[in-house]
Amino acid sequence: MLRALKVAALRRYYRFETWRAWRGSNVHAEPGALALPTDAGSVGGHLYRGSEKAGERPVICWFHGGGWVVGDLQTHHPFCSALAAATGCHVVSIDYRLAPEHPYPAALDDCSAAVRWLRRNLADLGPSNGRLVIGGDSAGGNLAAGCALDRATAGEDDGLAPVAGALLVYPVTDYCDAGHGSYASRADSQRLTADLMRWFWDTYLAGADPASALAAMPLRAENLGDLPPTLVITCDRDPLRDEGVALAERAAAAGVRVTHHHYDGAEHGFLCGMGMTPEAEQALQQISSWRHSLDG
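Residues numbered from 1 in each chain as written. Predicted model: local features only at pLDDT ≥ 70, side-chain atom pairs only at ≥ 80, totals over all residues. Heavy atoms only, no water.

So, the sheet that holds strand 2 (residues 41-48)
Remark on secondary structure: sheet strands pair via backbone hydrogen bonds, oriented parallel or antiparallel.
Move 1: Across the sheet, which stays open at both edges, the eight strands sit in the order 1-2-4-3-5-6-7-8 with mixed pairing between neighbours. In this open sheet, the two edge strands, each paired with only one partner strand, are strand 1 (32-38) and strand 8 (258-267). Within this sheet the neighbouring strands show an average axis-to-axis angle of 20 degrees, counted without direction.
Move 2: Bridge count for strand 3 (residues 59-63) against strand 5 (residues 132-137) is five bridges, and the pairing is parallel. Across the sheet, the residue bridging to cysteine 61 is isoleucine 134, located in strand 5.
Move 3: Along the sheet face, helix 8 (residues 241-253) touches strand 6 (163-169), strand 7 (230-237) and strand 8 and points at about 150 degrees away from the line of strand 7. (Pairing = 2+ DSSP bridges. Helix = DSSP H or I, 4+ residues; strand = E, 2+ residues; numbered from the N terminus. Axes fitted to C-alpha atoms, helices over the stretch in contact; angles between N-to-C directions. Contact = heavy atoms within 4.5 Å.)

Examining the pattern of salt bridges
Side-chain pairs of opposite charge can arise where the charged atoms are in close proximity.
Move 1: The tally for this structure, following the rule as stated, stands at 14 salt bridges.
Move 2: Residues aspartate 39 and arginine 116 are paired through a salt bridge, measuring 3.6 Å at the closest nitrogen-oxygen approach. Placement of the pair is aspartate 39 in the loop between strand 1 and strand 2 and arginine 116 in helix 3 (residues 106-121), with a sequence separation of 77 residues.
Move 3: Taking the relative accessible area as the measure of exposure, aspartate 39 reaches 55% and is therefore exposed.
Move 4: Each of Arg186, Asp236, Arg241 and Asp242 takes part in a single network of salt bridges with overlapping partners. (Salt bridge = Lys/Arg side-chain N within 4 Å of Asp/Glu carboxyl O. Buried < 20%, exposed > 50% of the residue type's maximum accessible area, 1.4 Å probe, protein only.)

A look at the packing of aromatic side chains
Move 1: Per the stated rule, a full pass over the model turns up ten aromatic pairs.
Move 2: Both rings, one in tyrosine 175 and one in tryptophan 201, keep their centres 5.1 Å apart while their planes meet at 80 degrees; by these two values the pair is edge-to-face. Taken together, the residues tyrosine 175 in the loop between strand 6 and helix 6 (182-185) and tryptophan 201 in helix 7 (residues 194-205) connect sequence positions 26 residues apart.
Move 3: Tyrosine 175 sits in the buried class, given a relative accessible area of 11%.
Move 4: Under the relative-accessibility criterion, tryptophan 201 is labelled buried at 0%.
Move 5: Each ring, one from tyrosine 263 and one from phenylalanine 270, has its centre 4.8 Å from the other, and the planes form 40 degrees; the classification is tilted. Across the pair, exposure class does not vary: tyrosine 263 and phenylalanine 270 are buried alike.
Move 6: Of the aromatic side chains, those joined through ring pairs into one cluster are Trp68, Tyr104, Tyr175, Trp201 and Tyr204. (Phe/Tyr/Trp six-rings, centres within 6.5 Å; stacked < 30°, edge-to-face > 60°.)

Section: the side chain of arginine 57
Move 1: Topologically, arginine 57 is positioned in the loop between strand 2 and strand 3.
Move 2: Here arginine 57 sits buried without a salt bridge, and the closest side chain of opposite charge, glutamate 56, lies 5.3 Å off (N-O distance).
Move 3: With residues up to four places along the chain from it excluded, the contact list for arginine 57 reads Ser51, Thr87, Gly88, Cys89, Ser128, Asn129, Arg291 and His292. (Lys, Arg positive; Asp, Glu negative; His and termini not counted.)

Here we look at the nonpolar core
Move 1: Residues Phe63, Trp201 and Tyr204 are the most contacted members of the largest nonpolar core, which totals 66 residues.
Move 2: It is helix 7 that contributes the most residues to this core, eight residues altogether.
Move 3: Counting residues in each nonpolar core, the second largest holds 31 residues, with Tyr48, Val91, Leu271 and Ile287 among its members. (Core = buried A, V, L, I, M, F, W, Y, C linked by side-chain atoms within 4.5 Å.)

So, the packing of helix 3 against helix 4 (residues 139-149)
Move 1: With their axes 10 Å apart at the nearest point, helix 3 and helix 4 run at an angle of 55 degrees to one another. Taken together, the axes of helix 3 and helix 4 are oblique relative to one another. Where helix 3 crosses over helix 4, the handedness of that crossing is right-handed. Here Ala107, Leu108, Cys111, Ser112 and Val115 of helix 3 lie close against helix 4, whose contacting residues are Leu143, Gly146 and Cys147. (Parallel < 35°, antiparallel > 145°, perpendicular 65-115°, else oblique. Left-handed = near helix turned anticlockwise from the far one by under 90°.)

A few points about helix 1 (residues 2-22)
One full turn of an α-helix is made of 3.6 residues, so residues set three or four places apart face in the same direction.
Move 1: Helix length check: helix 1, at 21 residues, gives a terminal C-alpha distance of 30 Å against a target of 30 Å (1.5 Å per residue), a fit within 8%.
Move 2: Taken together, the buried positions of helix 1 are Val7, Arg11, Tyr14, Glu17, Thr18 and Trp22. Along the axis of helix 1, the buried residues cluster in a sector spanning 140 degrees; they form a single face. Facing away from the buried side of helix 1, by more than 90 degrees, are the exposed residues Leu2 and Arg12.
Move 3: Tucked inside the fold, the buried residues of helix 1 contact helix 2 (77-87) and helix 7.
Move 4: Backbone geometry just after helix 1 places glycine 24 at a positive phi near 95 degrees. (Expected span 1.5 Å × (residues − 1). Arc of directions from axis to C-beta.)

Let's talk about the side chain of threonine 153
Move 1: Mapped onto the elements, threonine 153 comes out in helix 5 (residues 151-154).
Move 2: Since its relative accessible area comes to 1%, threonine 153 is described here as buried.
Move 3: Side-chain polar atoms of threonine 153 contact the side chain of arginine 116, separated by 3.1 Å. (Polar contact = N/O pair within 3.5 Å; in protein donor to acceptor, adjacent residues only side chain to side chain.)

Quick word on unusual backbone geometry
Move 1: The linkage connecting alanine 99 with the following residue, proline 100, adopts the cis geometry, with an omega of 5 degrees.
Move 2: If you trace the backbone, proline 100 turns up in the loop between strand 4 (91-95) and helix 3.
Move 3: Residue proline 105 follows tyrosine 104 across a cis peptide bond; omega there is 10 degrees.
Move 4: Within the secondary structure, proline 105 is located in the loop between strand 4 and helix 3.
Move 5: With a phi angle near 65 degrees, tryptophan 68 is a residue other than glycine that sits in the positive phi range.
Move 6: Mapping tryptophan 68 onto the fold places it in the loop between strand 3 and helix 2.
Move 7: The phi angle at tyrosine 170 is positive, at roughly 30 degrees, despite the residue not being glycine.

Below, the structure written as structure tokens:
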């Protein structure tokens, strides 16, 4: 009962804080509702239309953050609208199932099914260059990395739209007890605390042995070299800082074309949950530039 009350309160708080942060920003385009008839059942989403040049650009599939527990389409509506405007790409925001009602691996299953459907049916969304970028922030970045590393989901297959890139914004890449230093040095003094991140993990795994959930820990993947060209954005005031940096470094060492931007003064959530700040504007410009680099 207490956990259910905490979950409900955090969900309401996250929605309110995001609405307040983006209020007044001109990024509230009306999305189209989607229901993807995947092989795992219907997965909902929102479609944000890109510019008139979207036919020359990939479609971006976005997985929202929120610790696999508290985010939703509404919390990330302003950001996805801003992302479509900044890149000119069509953006599909996926409404995957949340814990505790649906613990691991439900979210990953939904996201993988959505990616597979999009790769088969990309033309149904409108003009694009026939390629897909998989992206997400925080827990959504975790899901994006998991999908990009899953050969059954993102591997090469004739007739399917290729995965052109992975866009990972302050992603969760490892389990909370892995000993990354930022869990101690950035334990608090920002919205995402180390204790809250541990609670997210506990809620997501719902008592499962972490060793049985390695698909939720992309930093431990043996095939990091399978990642497509990848953009990683990290920030200093974040317990996830070190594991995000580690993913960028290890993927680059494995031969992945990695672009890594680190924000020294920013905290976790600065891009998607704090409005159109100067840091968010800069990050959106960097995402747009990286998107251009995929054309080469």
